[in-house]
Amino acid sequence: MIVFWFLLIALVVVVAAVTLAVIGGGSEAVLPDAEPDRVADALPESRPVVGADIDALRLPVAPRGYRMAEVDDVLDRLAAELAERDARIEELTAAAAAQPRDAVPQDAPRVDLGKEQG
């Protein structure tokens, strides 16, 4: 019977100690406030995104996975830049297709490869 009371008192003391440690006792907090996670390596604003930027990107992890807002921002930025690049590629392709392939400038020197020069 004495062992039972001893274990019960020890259990109450342990539960009280853990409760005080988690809640914090007094004016001094035991656990510091956690700073919110943010993207440490944000995508560059001053230039287009390159592959190395994506390789170096690390998205912050939330308790249930990634922060949806952070991932949505990164994906929106990448989608906009890819759309801009696709439009530029279409523009350059259309410009190249409009030019005749066999066009030789009028002032270009003509060389006859059939004759030996001597």
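Residues numbered from 1 in each chain as written. Predicted model: local features only at pLDDT ≥ 70, side-chain atom pairs only at ≥ 80, totals over all residues. Heavy atoms only, no water.

1. Section: the overall build of the protein chain
Then comes step 1: For the protein chain, the count of helices and strands is 3 helices and 2 strands.
Then comes step 2: Reading the protein chain from its N end, one meets helices and strands in the order α-α-β-β-α.
Then comes step 3: Here the protein chain holds 118 residues, and 11% of them are scored as buried.
Then comes step 4: For the protein chain, contacts bridging at least 24 residues in sequence account for 44% of all contacts bridging at least 6. (Helix = DSSP H or I, 4+ residues; strand = E, 2+ residues; numbered from the N terminus. Buried < 20%, exposed > 50% of the residue type's maximum accessible area, 1.4 Å probe, protein only. Contact = heavy atoms within 4.5 Å.)

2. A short note on the pattern of salt bridges
Then comes step 1: As enumerated under the stated definition, the model contains 4 salt bridges in all.
Then comes step 2: Ionic contacts of the salt-bridge type, sharing partners, join the residues Glu45, Arg77, Glu81 and Arg85 into one network. (Salt bridge = Lys/Arg side-chain N within 4 Å of Asp/Glu carboxyl O.)

3. With respect to the packing of aromatic side chains
Then comes step 1: Here the structure, examined in full by the defined rule, presents 1 aromatic pair.
Then comes step 2: Pairing Phe4 with Trp5 gives two aromatic rings, centres 5.6 Å apart and planes at 70°, and the pair type is edge-to-face.
Then comes step 3: Residue Trp5 is classed as partly exposed on the basis of its relative accessible area of 45%. (Phe/Tyr/Trp six-rings, centres within 6.5 Å; stacked < 30°, edge-to-face > 60°.)

4. Some points on the environment of Thr19
Then comes step 1: Within the secondary structure, Thr19 is located in helix 1 (residues 2–23).
Then comes step 2: For Thr19, the side chain forms a polar contact with the main-chain oxygen of Val15, separated by 2.7 Å. (Polar contact = N/O pair within 3.5 Å; in protein donor to acceptor, adjacent residues only side chain to side chain.)

5. Some remarks on a nonpolar patch on the surface
Then comes step 1: There is a patch of nonpolar side chains on the surface, built from Met1, Phe4, Trp5, Leu8, Leu11, Val12 and Val15 and spanning about 750 Å² of accessible area.
Then comes step 2: Here Trp5 shows up in helix 1. (Patch = residues over 30% accessible without salt bridge, like charges linked within 9 Å, V, L, I, M, F, W, Y side chains within 5 Å. Areas by Shrake-Rupley, 256 points an atom, 1.4 Å probe, with all protein chains shown as cover.)

6. Things to note about the side chain of Arg77
Then comes step 1: Along the chain, Arg77 turns up in helix 3 (residues 68–98).
Then comes step 2: At a separation of 2.9 Å, a polar atom in the side chain of Arg77 contacts the side chain of Glu81.
Then comes step 3: If sequence neighbours within four positions are ignored, Arg77 has contacts with Leu43, Pro44, Glu45, Arg47 and Val49.

7. Regarding the confidence of the model for the protein chain
Then comes step 1: The pLDDT averaged across the protein chain works out to 78; a share of 69% of its residues lies at or above 70.
Then comes step 2: The least confident element of the protein chain, judged by mean pLDDT, is strand 1 (residues 61–62) at 74; the most confident is helix 1 at 90. (pLDDT = per-residue confidence, 0-100.)

8. Let's talk about helix 3
Then comes step 1: Look at helix 3: 44 Å from first C-alpha to last across 31 residues, which is about the 45 Å you get at 1.5 Å a residue.
Then comes step 2: Burial in helix 3 covers these residues: Glu70, Val74, Arg77 and Glu81. (Expected span 1.5 Å × (residues − 1).)

9. A short note on the side chain of Glu81
Then comes step 1: With respect to the helices and strands, Glu81 occurs in helix 3.
Then comes step 2: Relative accessible area serves as the criterion here: at 13%, Glu81 is assigned to the buried category.
Then comes step 3: In this structure, Glu81 is in contact with Arg47, Pro48 and Val49, ignoring residues within four places of it in sequence.

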